[in-house]
Amino acid sequence: MVARFIPRGTNLFARTMYSAAKPSLKNPALFRQQSLVNGQWINAKSGETFAVTDPSTGQKIGECPEHTAEDYATAIEHARTAFEDFKKVTHRERANMLRRWSQLMTENINDLAQILSWENGKPLAEAKGEITSCAVNFDWFAEEAPRIYGDTIPSQTPNVRIHTIKQPIGVCAIITPWNFPASMISRKVGAAVAAGCSSVIKPASETPFSALAMAYLAEEAGIPRGIVNVLTTRKNIKDVGRELCENKVVAKVSFTGSTNVGKLLMRQAASTVKKVSLELGGNAPFIVFGDADVNAAADGALASRFRGSGQTCICANRFYVHEDVYDEFSKKFAEKVSGLKVGPGLVEGSQQGPLINKAGIDKVARHVEDALGKNGKVLTGGKRLSEIGDNFYAPTVIANGTADMVINKEETFGPLAVLIKFKTLEEVVKMANDTEYGLAAYVYTRDIGTVHKVTEALEVGMVGVNRGLITEASLPFGGVKESGFGRETSKYGLDDYLVVKSVAVAL
Ligand code: ADP
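A few points on the structure.

Conventions we followed
- Residues numbered from 1 in each chain as written.
- Predicted model: local features only at pLDDT ≥ 70, side-chain atom pairs only at ≥ 80, totals over all residues.
- Heavy atoms only, no water.
- Near = heavy atom within 4 Å.
- Polar contact = N/O pair within 3.5 Å; in protein donor to acceptor, adjacent residues only side chain to side chain.
- Nonpolar A, V, L, I, M, F, W, Y, C, P; charged D, E, K, R; others polar.
- Pairing = 2+ DSSP bridges.
- Helix = DSSP H or I, 4+ residues; strand = E, 2+ residues; numbered from the N terminus.
- Axes fitted to C-alpha atoms, helices over the stretch in contact; angles between N-to-C directions.
- Core = buried A, V, L, I, M, F, W, Y, C linked by side-chain atoms within 4.5 Å.
- Buried < 20%, exposed > 50% of the residue type's maximum accessible area, 1.4 Å probe, protein only.
- Contact = heavy atoms within 4.5 Å.
- Parallel < 35°, antiparallel > 145°, perpendicular 65-115°, else oblique.
- Left-handed = near helix turned anticlockwise from the far one by under 90°.
- Salt bridge = Lys/Arg side-chain N within 4 Å of Asp/Glu carboxyl O.

Moving on, we come to the site of the ligand. Near the ligand lie 16 residues; those nearest to it are Thr176, Trp178, Lys202, Phe255 and Ser258. With respect to the ligand, the side chain of tryptophan 178 contributes an N or O atom lying 3.1 Å from an oxygen atom. When its residues are assigned to classes, the shell around the ligand shows nine nonpolar, five polar and two charged.

In structure tokens:
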């Protein structure tokens, strides 16, 4: 990387400084511009491609095949054939493959992180963290694979014995978003391989290169051809989505993305009664009680809101701060936020990358405008950083938040925190639950009674108590309400890829 870094305080990178910020890969074979189907690197049947651009600069990164629904149907057929053999591979052998895949992710972490940072814009340090999480997920599922136990169950009928076996569900369709281009795939395909399933993966068209690099390493890890297939598409997405949901061979659809697309996929998958798991939008409340360690809360808020420039589904989106600590928290938090170094992910030292695209930054600007129009007060940020690039927005904190601001209803998916004052536990729980989403929530308090009361009352799938970052392989990840269903990673992460078969034997 050629770009220089401007010291803390200056905070801005001039456009010219990073036009040369490109990955330098030790293993260039990891950067692939073709899809992997049945062990072959292929183009679209039509020969069409689409361009992928760097969100920091708008410059072209490369091209990927524009596959049609028909191309995906062919891949699904290959996945079906491959599954017939793979389901007979022992659990231990599948574990060994996943362990090898994990090792390869770690060995290639510098290259993989650069590819990820380039296409997504997130800082290199975060990209490395994401690749590490992929390696850990593969290890986790390697450890789970040999422990797919059935049950022995006493029968109510004399001379009958009942037992269950857990079998792989079959061909899985995996659809993933751009905000975690690698880890969202690892938590799905890791489980699929451990269970003995084959997969057809459709990565987001904004960030296909991380997925293709992982597919390359899956081959290197000795996972049989046809088990991990990755195909790219952009303009044909609706047809492809329908194919993945309606093709009779596909047994399961696993999706991470927006609630609206999740609803559409669920409707489509109903036509063949497929097993579905959905990890959809969130609108996480972050609650700071009057007895909280305010400095720790400000650190947690920073980590939770500003990771991935605020573009994660479990990002804190609504900040409720008790009136006793409101001023202190606002000051500390705004200070920390104003110290964030903004710049392209590939530039060393960047802590905040760009938004993914124009729609992303326009939404942040709209939410800021709405808050300011309702008496919000900017403590830091509040503007685009066009001098760095079209997709950069200053990390922003706004005080005097009110319940009627649009940020309470919509997920901002950007670097904006609006602070709302509260008085009582009952009042804050009511406000926190007043949303159709239910993915994550964060609570800061030192009172054990408050911990239990609030964690039990919040309508979400995950709660961080005195923690702003909660994701790890052992934590069941998933939501309630319109944030979806199904749990990824953890001891439950394999369940969606398995079917329980019950056997009743007459003696
Ligand atoms: P976001 O707004 O974060 O991009 P989306 O839900 O649109 O969220 O995208 C998440 C994933 O879903 C991406 O891989 C995207 O290409 C895919 N996707 C979008 N629309 C459809 C659709 N109609 N059918 C199947 N997949 C879709």
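Moving on, we come to the sheet that holds strand E6 (residues 160-168). Spatially, the three strands line up as an open sheet ordered E5-E6-E20, and their pairing is antiparallel. The sheet is open, and its two edges are formed by strand E5 (152-154) and strand E20 (498-506), each paired on a single side. Strand-to-strand twist of the sheet, defined as the mean angle between neighbouring strand axes without regard to direction, takes the value 25°.

Right, let's talk about the nonpolar core for a bit. Judged by nonpolar contacts, the single largest core of 68 residues is most densely connected at Trp101, Met105, Val189 and Val228. In this view, valine 189 contacts Trp101, Phe138, Ile174, Ser199, Ile201 and Val228; residues no more than four positions away in its chain are not counted.

The next thing to look at is the sheet that holds strand E18 (residues 462-465). In space, the seven strands of this open sheet follow the order E14-E15-E16-E13-E12-E17-E18, with mixed pairing throughout. The two strands at the open ends of the sheet, each matched to only one other strand, are strand E14 (377-380) and E18. Ignoring strand direction, the axes of neighbouring strands in this sheet form an average angle of 25°. Bridging between strand E13 (residues 316-322) and strand E16 (residues 416-422) involves four bridges; their strand directions are parallel. Note that in E16 the partner of tyrosine 320 across the bridge is isoleucine 420.

One way to put it is that helix H10 (residues 294-306) packs onto helix H11 (residues 326-338) with a least axis distance of 9 Å and a crossing angle of 45°. Accordingly, the angle class assigned to the pair H10 and H11 is oblique. For H10 against H11, the interelement crossing comes out right-handed. In this structure, H10 uses Val294, Asn295, Ala297, Ala298, Asp299, Ala301, Leu302 and Phe306 to contact H11, whose residues at the interface are Glu328, Phe329, Lys332, Phe333, Lys336 and Val337. Taken together, the residues that form the contact of H10 with H11 break down as nine nonpolar, one polar and four charged.

In a structure, side chains of opposite charge can pair up when their charged atoms sit close to one another. Under the defined criterion, the tally for this structure stands at 20 salt bridges. Lysine 188 is paired through a salt bridge with glutamate 488; the nearest N and O atoms lie 2.8 Å apart. Note that lysine 188 is positioned in helix H6 (residues 183-195) and glutamate 488 in the loop between strand E19 (484-485) and E20, a separation of 300 residues in sequence. Lysine 188 gets classed as buried once you look at its relative accessible area, which sits at 0%. Overall, the relative accessible area of 8% leaves glutamate 488 in the buried class. Across the pair lysine 332 and glutamate 328 runs a salt bridge, and its minimum N-O distance is 3.2 Å.

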